[in-house]
Amino acid sequence: MWFLIWLVVCILIVILLALLIHHFGGASLSLKLGHFYLNIGVT
């Protein structure tokens, strides 16, 4: 149960950070955690 709550919180934080970066200009984020690879690019 706690894992699910933390997963939702982390996803919301990532979305909010992406929106903030998009608001202030643009950037690309590459995150690798084990087998999980996240690549976000906003302009």
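Residues numbered from 1 in each chain as written. Predicted model: local features only at pLDDT ≥ 70, side-chain atom pairs only at ≥ 80, totals over all residues. Heavy atoms only, no water.

Visitor: Explain the overall build of the protein chain to me, using residue names and the numbers behind them.
Guide: Regarding its fold elements, the protein chain presents one helix and two strands. N-terminal to C-terminal, the α/β element order of the protein chain is α-β-β. Looking at the protein chain as a whole, 7% of its 43 residues are labelled buried. Carbon and sulfur atoms make up 78% of the accessible area of the protein chain, which amounts to about 4,100 Å² in all. (Helix = DSSP H or I, 4+ residues; strand = E, 2+ residues; numbered from the N terminus. Buried < 20%, exposed > 50% of the residue type's maximum accessible area, 1.4 Å probe, protein only. Areas by Shrake-Rupley, 256 points an atom, 1.4 Å probe, with all protein chains shown as cover.)

Visitor: Tell me what's going on with a nonpolar patch on the surface, and back it up with residues and numbers.
Guide: A surface patch of nonpolar side chains, amounting to about 980 Å² of accessible area, comprises M1, W2, I5, W6, V9, I13, L17, L20 and I21. Note that W2 resides in helix 1 (residues 2–23). (Patch = residues over 30% accessible without salt bridge, like charges linked within 9 Å, V, L, I, M, F, W, Y side chains within 5 Å. Salt bridge = Lys/Arg side-chain N within 4 Å of Asp/Glu carboxyl O.)

Visitor: An account of the confidence of the model for the protein chain is needed here, citing residue identities and associated values.
Guide: Scored by pLDDT, the protein chain has a mean of 76; 67% of the residues are at 70 or more. Averaged pLDDT values over the elements of the protein chain bottom out at 67 in strand 1 (residues 27–33) and peak at 84 in helix 1. (pLDDT = per-residue confidence, 0-100.)

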